[in-house]
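Observations on the three-dimensional arrangement
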Amino acid sequence: MKTIVAEALTREAFAPFGDVIETEGTESFLINNGKCRRFHDLAKVEAGGENARVLINIFRGTPYPMPLTLSMVERHPLGSQAFMPTTPAPFLVVVCPDEAGRPGRPRAFLTAPGQGVNYARGTWHGVLTPIGKEQDFVVVDRGGDGNNVEEHFFTEPYSIALPETGNAS
Ligand SMILES: NC(=O)N[C@@H](O)C(=O)O
Ligand code: NI
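Predicted model only: the values in this text are computed from it and were never measured.

What counts, and where the lines are drawn
- Residues numbered from 1 in each chain as written.
- Chains lettered and ligands numbered in written order.
- Predicted model: local features only at pLDDT ≥ 70, side-chain atom pairs only at ≥ 80, totals over all residues.
- Heavy atoms only, no water.
- Donors = N, O, S within 2.8 Å, 3.2 Å for Na, K, Ca; no water.
- Tetrahedral: all angles 85-135°; square planar, octahedral: opposite > 155°, others 65-115°.
- Helix = DSSP H or I, 4+ residues; strand = E, 2+ residues; numbered from the N terminus.
- Salt bridge = Lys/Arg side-chain N within 4 Å of Asp/Glu carboxyl O.
- Near = heavy atom within 4 Å.
- Polar contact = N/O pair within 3.5 Å; in protein donor to acceptor, adjacent residues only side chain to side chain.
- Areas by Shrake-Rupley, 256 points an atom, 1.4 Å probe, with all protein chains shown as cover.
- Nonpolar A, V, L, I, M, F, W, Y, C, P; charged D, E, K, R; others polar.
- Pairing = 2+ DSSP bridges.
- Axes fitted to C-alpha atoms, helices over the stretch in contact; angles between N-to-C directions.
- Buried < 20%, exposed > 50% of the residue type's maximum accessible area, 1.4 Å probe, protein only.
- Contact = heavy atoms within 4.5 Å.

1. Side note on the coordination of the nickel ion (ligand 2)
Every protein donor of the nickel ion (ligand 2) is accounted for by E74 (OE), H76 (NE2), Q81 (OE1) and H125 (NE2), and the metal-donor separations fall at 2.0 to 2.2 Å. Of note is the nickel ion (ligand 2), whose six donor atoms meet at the metal with angles of 73 to 172 degrees in an arrangement that counts as octahedral. Each donor residue of the nickel ion (ligand 2) lies on one chain, and together they are spaced E-x1-H-x4-Q-x43-H. Remark: H125 occurs in strand 14 (residues 124-125) and Q81 occurs in strand 8 (residues 81-85); sequence separation between them is 44 residues.

As structure tokens, then:
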């Protein structure tokens, strides 16, 4: 198996795949008579196709052993998909560039506590991957008619390792 080591998630590194959802380095302004700070327009929500609408969901993810055996990635051709953790624990994000309709070599990112991600429409990604314990996420994605998931199974799985030695499964 080829091993890929996760890198720290940054807005710049993730830009080809979507948005990093965090307050750091973003525009914000006070609302509610100064009692609330709005961190505004952090990610691009896309919902295309017939009868498209935006869904707000909660995903309760079960952790995966590390290093992760990545045998499949998927994408959503009709909309974006955002994952925002409700607890400040890091999780694993895996994405692939698209190469003529097939996923290229995966890239893995370890989020900082509290960071979320928004996969741009059609971005190849691994499924939700918490680390070490069950974690809830607010998930914003697309509902409506038509099929919004395409899966790709690798002929040879990849091993996705965390940057430090914390890869014990
Ligand atoms: N299938 C589903 O809703 N979840 C996946 O899209 C995922 O990215 O985890
Ligand atoms: Ni998905």
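The discussion continues.
2. Section: the pattern of salt bridges
Under the definition given, this model contains seven salt bridges. The salt bridge involving R107 is made with E7; its shortest N-O contact spans 3.0 Å. One end of the pair, R107, is in strand 12 (residues 107-110); the other, E7, is in strand 2 (residues 7-8), with 100 residues separating them in the sequence. As a salt-bridge pair, R11 and E22 come within 3.5 Å of each other at their nearest N and O atoms.

3. Observations concerning the site of ligand 1
Every residue near ligand 1 is listed here: F59, E74, H76, Q81, F83, H125, V127 and L128. Here H76 contributes a side-chain N or O atom positioned 2.9 Å from an oxygen atom of ligand 1. Q81 places a side-chain nitrogen or oxygen 2.9 Å from an oxygen atom of ligand 1. Here ligand 1 loses 71% of its free accessible area of 260 Å² to cover by the protein chains. A per-class count over the shell around ligand 1 returns four nonpolar, three polar and one charged.

4. Quick look at the sheet that holds strand 6 (residues 53-61)
Read from one edge of the open sheet, five strands run 3-13-8-16-6, paired in antiparallel fashion. Looking at the sheet topology across the chains shown, the edges are occupied by strand 3 (18-21) and strand 6. Averaged over neighbouring strand pairs, the angle between their axes works out to 15 degrees when direction is ignored. As paired strands, strand 6 and strand 16 (residues 135-143) are joined by nine bridges and run antiparallel to one another. Bridging from a neighbouring strand, I58 pairs with V138 of strand 16.

5. Focus on the side chain of Q135
With respect to the element layout, Q135 can be found in strand 16. According to the relative accessible area criterion, Q135 is buried, its value standing at 3%. A distance of 3.2 Å separates the side chain of Q135 from the backbone oxygen of T87, its partner in a polar contact. At 2.9 Å, the side chain of Q135 and the backbone oxygen of A89 are in polar contact. Q135 has contacts with F59, R60, G61, P85, T87, A89, P90, F91 and P130, leaving out every residue within four places of it along the chain.

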